[in-house]
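Architecture and fold: a report
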Protein chains: 4
Amino acid sequence: MNNYTRARIGILGAGGYTGRELARLLARHPLASIGWATSESDAGKPLGDVIPGVDGPALVRADDADLAGVDCVVSCLPHGDSARWMERVRAAGVRGIDLSADLRVPGASTPDWAREAVYGLPELHRERIAGAALVANPGCYPTAAILALAPLLWRGLIAGPVIINAASGVTGAGRSPRRELLFAEIAESYSAYAVGNVHRHLAEMRSQADGLAGGAAPELVFTPHLLPVKRGILETIYVTLTGPVDDARRMWADDYAGEPFVRVMDGRMPALADVTGSNRVAIGVAPVQNVSVPMLTIVSAIDNLVKGAAGQAVQNLNLLFGWSETEGLA
Amino acid sequence: MNNYTRARIGILGAGGYTGRELARLLARHPLASIGWATSESDAGKPLGDVIPGVDGPALVRADDADLAGVDCVVSCLPHGDSARWMERVRAAGVRGIDLSADLRVPGASTPDWAREAVYGLPELHRERIAGAALVANPGCYPTAAILALAPLLWRGLIAGPVIINAASGVTGAGRSPRRELLFAEIAESYSAYAVGNVHRHLAEMRSQADGLAGGAAPELVFTPHLLPVKRGILETIYVTLTGPVDDARRMWADDYAGEPFVRVMDGRMPALADVTGSNRVAIGVAPVQNVSVPMLTIVSAIDNLVKGAAGQAVQNLNLLFGWSETEGLA
Amino acid sequence: MNNYTRARIGILGAGGYTGRELARLLARHPLASIGWATSESDAGKPLGDVIPGVDGPALVRADDADLAGVDCVVSCLPHGDSARWMERVRAAGVRGIDLSADLRVPGASTPDWAREAVYGLPELHRERIAGAALVANPGCYPTAAILALAPLLWRGLIAGPVIINAASGVTGAGRSPRRELLFAEIAESYSAYAVGNVHRHLAEMRSQADGLAGGAAPELVFTPHLLPVKRGILETIYVTLTGPVDDARRMWADDYAGEPFVRVMDGRMPALADVTGSNRVAIGVAPVQNVSVPMLTIVSAIDNLVKGAAGQAVQNLNLLFGWSETEGLA
Amino acid sequence: MNNYTRARIGILGAGGYTGRELARLLARHPLASIGWATSESDAGKPLGDVIPGVDGPALVRADDADLAGVDCVVSCLPHGDSARWMERVRAAGVRGIDLSADLRVPGASTPDWAREAVYGLPELHRERIAGAALVANPGCYPTAAILALAPLLWRGLIAGPVIINAASGVTGAGRSPRRELLFAEIAESYSAYAVGNVHRHLAEMRSQADGLAGGAAPELVFTPHLLPVKRGILETIYVTLTGPVDDARRMWADDYAGEPFVRVMDGRMPALADVTGSNRVAIGVAPVQNVSVPMLTIVSAIDNLVKGAAGQAVQNLNLLFGWSETEGLA
């Protein structure tokens, strides 16, 4: 495989925010193209009518998609539904990237075909992804949290529960009509949800944190909030350390040196606007003053639709096909 | 003094967001009226031209305000400037309410006249406020935090540092033109500031927490964020407890029973939209699951311009003049 | 009837944006109170749980509402459904105010009971409303347009078609979940709809304009737009005049002198923020320069939920019960 | 000159919204690169610190820019200031593109060097731009208006004044701190400005319309509005025709067939979201019903920072250097 290989991609579920973002990214990718894209409600319509600015074939229903006719299938289907389709993709002998949560945290009842899925966080698992047949694309909240915490988890520097206070734009909640997502309900408001450490992404974060810590990682307390913005996630993370550290920022700068999509902030903290529309994660670190125990505040920001979903899927696609990891994402 | 006493109020600094909100509240207050209001940049203009919907006298420069000609002066001047004017108000023998931070945390160099200021959080200091000559109106972040934490501080139930993750609408940053507050910079963004526990309000929170704890309160870690909304503060607070509690919500419900401006949520957490435009604080409490230590998450929401500033000033005014505490705030 | 009469009001359809606004206004009205309020989806819940800050009885289903047990019924039901209920209200001998479009423009098939409805624009039909049994509360777009155009229509000064370019906040589109009203679809966008002069409100505007002109009024061309704001309507109206006028603004100032809810701007044009939350209409007038025919631009702004719906209903209620017209609306 | 020629571009005034957008576009242009970029306030800082995601040399002060050291200078300086710098650029023998209004409408006092500027609307003046030494990049409002009206102006089909009701996002008002552009002033508001046909862009529109009409074009009435969005312009245009037309849309479809950046809508009208972030103009046309004279409503949308400024500058750059017109804009 070389840089000149081209690939045709099938998109399952192109009508939601994630699927649309993926279609936009693939439409300008120099080596990948959209083989087909599915939408149950918009089947038959030209892609460009449904997603302005994207040229491509007419949308089809998932049942009519030629799974074996593309080089890779990316699923943007809802949790639950997605695994069923990924199984068919695997049976067709085609590589798959699953953006749902279905394959990210294997459990006791996970079938063998699903256990082969590699967790698609390239900064941590680059080599394994490159050779994978099936990729479980990470959740948006876990992407921002795990990349922020990895330098401390690797070094075993965390004492006690980690507080992850996260806020997301509304595209993270999907494109299905729900009253609580109407403009008049969201604008000028802000709220916490899944309060009490009960969000689905917690298990994914813990599973990844344990892997990085090489055993039982510190406990995590995670509270997501809904922001009146379209896209973006910003997490403010509070960590108690096992002891004082001199130049905390240096750990992130060292660990992520050369990473094209990680920006370790210098001099100021990241804002959503630093990452909107890009595949970057921006991470800022500050020691906590005026307390008697050594603590850090880490601020981690991504675009939930790009690094938190479709952009990371393209990054994984680039690895799967041996292309430059930044292809189509610059 | 009785319910039929009326009072004329002077407003120092009526041109900012807080001063304008105060003018609007006083304009519909049944017992108070605006005696004069100052603005250096809009002096000479009718009040209604500067603050739509508010009838009243033309604005004057502060130097031209008849301090002794009103029954109470409320200062919405900036920090630093305000104390100087409050001293003159006291010298004129007139009662004063100061919305700046100048008088809230007495220090070694605080002069005697300023030491007499009572901290104007009515739910905690109602009796002292009623007899005060000078009231230090609380900061917006401390109002939400202290009312949320008081039930635990009173009972001595907190173990270890308290994490206060707060988010505020942009009116909290004032009305002076600054590039970082332009619509095109704030919309679709979100950011943390004063990261590392260095915000000015920390000292105020600690001072009040110590008072409630009857000694050294647990340490506080406070990170404010800037929301793309006009008004409102929502704080998500993480507390480690000294031991398990059975029905946590009950403590808040009991302590605030009968409080007209405290709403202890039942069944769901508060959102900004629950308090926008009102003088209420809305508090929700949830035990943190999936951790091995007993923890609570508390969510506390106020309108920063009302309960966090001008509304609380009116509540204090009502106490000063012996009126019903809800007068003009229903 | 005198100022001390109190009245109990029934609200049909209290769950939408208009019904909720009406409940909030009635909750602080000194002479009116909510007798019952209906909601099919929230029946059984306390009013305060559904509409924060509003005290009142539990919501009931419309079929369970005691129509005859209140002094007036206000319907916030959808178009089509509302007329059916208004007929029952009339049959029960109770006065009614209908906020739907059903009774505003009588047609050939309109039954007799519906023909008695008085068009509830108090600034134009105050006397007739006071004695009415049934009031057709005006549409939001027509309220802003007709009040802006009345001074010219009365005087017969308009030559040729009038262009009404209108923009509304999203609460005008209702609270039912629809994809095109999701925050992520509306934020950072703006669009025209019903382009080509085909909006339902056109007939209502024409009917009222004809009435004011005392015959066939000039033709109207009306294009509504959807703004990324929660509430408010601003209309920019272009009128070609039959001849030059010297001091155009004077006509509006004279005609609306003493009107408590009309503000004729002086020196600048109105913005949405001038009227949000109030029952005012703000009107600005400017001659059009750099053209060879005499033309005016008129800018008219209201809060679509207040003067454009619930506030105007309260204004009509005040007239029906002989109260001060500004009662509960100051 | 051929497709493989590369060019180094100098940016005067890279700190404003237009300059920043231009820097972002050039950073991903395959054939152009940023030679230098100026900012008086941020001189000395790396470009990437000031404009996230853009690599390039440190910013310099304009006085320190090597005008002759680049292949083309693009000015994003304010009106007034820009002409002075363009004169120097011409004196240095370097091609220039001016985004200010300074060179767009020659007047009696315009010096000869400025008269040679070609109006840079590629869809209308492609050939002349290709050979120009100096390009006057069109204003944002005129771009949307002139492209919308050209098919009618060419055919001489317009009778009477044209009403252009336009609305723009706030980046159109610049990045200098002004109170009226603060988030808390703009959010949830909307307003008209320059009411009465007095906006500076009117002369530019008239000048271009006259050119297209081959003489005196119909009069124009133009009212701009300020939208609570970051970027985008949508204009709703009302035209009275000299007579009925059968398939109005066909004229636009024919005239703009093959134009890469013009999308003539079919079936629905354009919204801001259709063009945000792209160099497209989207135009919809609808006959006006329910009037006795033949009229059309035309809706025209662009991104004010792209097709209305920096994107159109890149389109002109592509023409100047003989590159594909879509290079760097796909």
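Residues numbered from 1 in each chain as written. Chains lettered and ligands numbered in written order. Predicted model: local features only at pLDDT ≥ 70, side-chain atom pairs only at ≥ 80, totals over all residues. Heavy atoms only, no water.

Topic: the relation of the copies chain D and chain C
What relates the pair of chain copies is a rotation about an axis plus a shift along that axis. Between chain D and chain C, the superposition needs a rotation of 180° and an axial shift of 0.0 Å, giving an RMSD of 0.0 Å. Each copy turns onto its partner about a two-fold axis. When the interface residues of chain D are mapped onto chain C, 100% of them are again interface residues, pointing to one common binding face. (Least-squares fit on C-alpha atoms with pLDDT ≥ 70 in both. Contact = heavy atoms within 4.5 Å.)

Thoughts on the interface of chain B and chain A
Across the boundary between the two partners, chain B contributes 46 residues, which contact 46 residues of chain A. Regarding the contact of chain B and chain A, the summed buried area is about 3400 Å², with carbon and sulfur atoms giving 60% of it. Area buried by chain B at its contact with chain A is led by Glu188, Tyr190 and Tyr238 of chain B, which between them contribute 19% of it. On the surface where chain B and chain A come into contact, there are 0 salt bridges. The tally of links between chain B and chain A comes to 20 residue pairs in polar contact (both at pLDDT 80 or more). (Buried area = accessible area lost by both parts, 1.4 Å probe. Salt bridge = Lys/Arg side-chain N within 4 Å of Asp/Glu carboxyl O. Polar contact = N/O pair within 3.5 Å; in protein donor to acceptor, adjacent residues only side chain to side chain.)

As for the state of the cysteines
By definition, a disulfide is the covalent link that joins the sulfur atoms of two cysteine residues. Considering all chains together, one arrives at 0 disulfides over all chains under this definition. Free cysteine: cysteine 140 of chain C, not disulfide-bonded; nearest cysteine sulfur from cysteine 76 of chain C at 13 Å. Residue cysteine 140 of chain C is classed as buried on the basis of its relative accessible area of 15%. Cysteine 76 of chain D carries a free sulfur, and the closest cysteine sulfur to it, the one in cysteine 72 of chain D, is 11 Å from it. (Disulfide = S-S within 2.5 Å. Buried < 20%, exposed > 50% of the residue type's maximum accessible area, 1.4 Å probe, protein only.)

Remarks on the sheet that holds strand 6 (residues 134-136) of chain B
Residues and elements named next belong to chain B. Read across the open sheet, the 6 strands follow the order 2-1-3-4-6-5; overall the sheet is parallel. What marks the edges here is a single partner per strand, and that holds for strand 2 (32-37) and strand 5 (118-119). Note that strand 5 and strand 6 share 2 bridges and pair parallel. Of the residues in strand 6, the one forming a bridge with tyrosine 119 is alanine 136. Most of the contacts of helix 3 (residues 81-91) go to strand 4 (residues 95-98), to which it runs at about 165°, and overall it touches strand 1 (7-12), strand 3 (72-75), strand 4 and strand 6. (Pairing = 2+ DSSP bridges. Helix = DSSP H or I, 4+ residues; strand = E, 2+ residues; numbered from the N terminus. Axes fitted to C-alpha atoms, helices over the stretch in contact; angles between N-to-C directions.)

Regarding the domain arrangement of chain A
Residues and elements named next belong to chain A. Annotation of chain A at the domain level lists domain 1 (7-138 + 308-320) and domain 2 (140-304). Averaged C-alpha coordinates put domain 1 and domain 2 at centres separated by 25 Å. Counting residues at the interface gives 22 residues for domain 1, matched by 25 residues for domain 2. In total, about 1900 Å² of surface goes out of reach between domain 1 and domain 2, with carbon and sulfur atoms giving 53% of it. Our count for the domain 1 to domain 2 interface comes out at 3 salt bridges. Residue arginine 231 is joined to glutamate 21 by a salt bridge in which the shortest nitrogen-to-oxygen separation is 2.6 Å. (Domains from an automatic or database assignment.)

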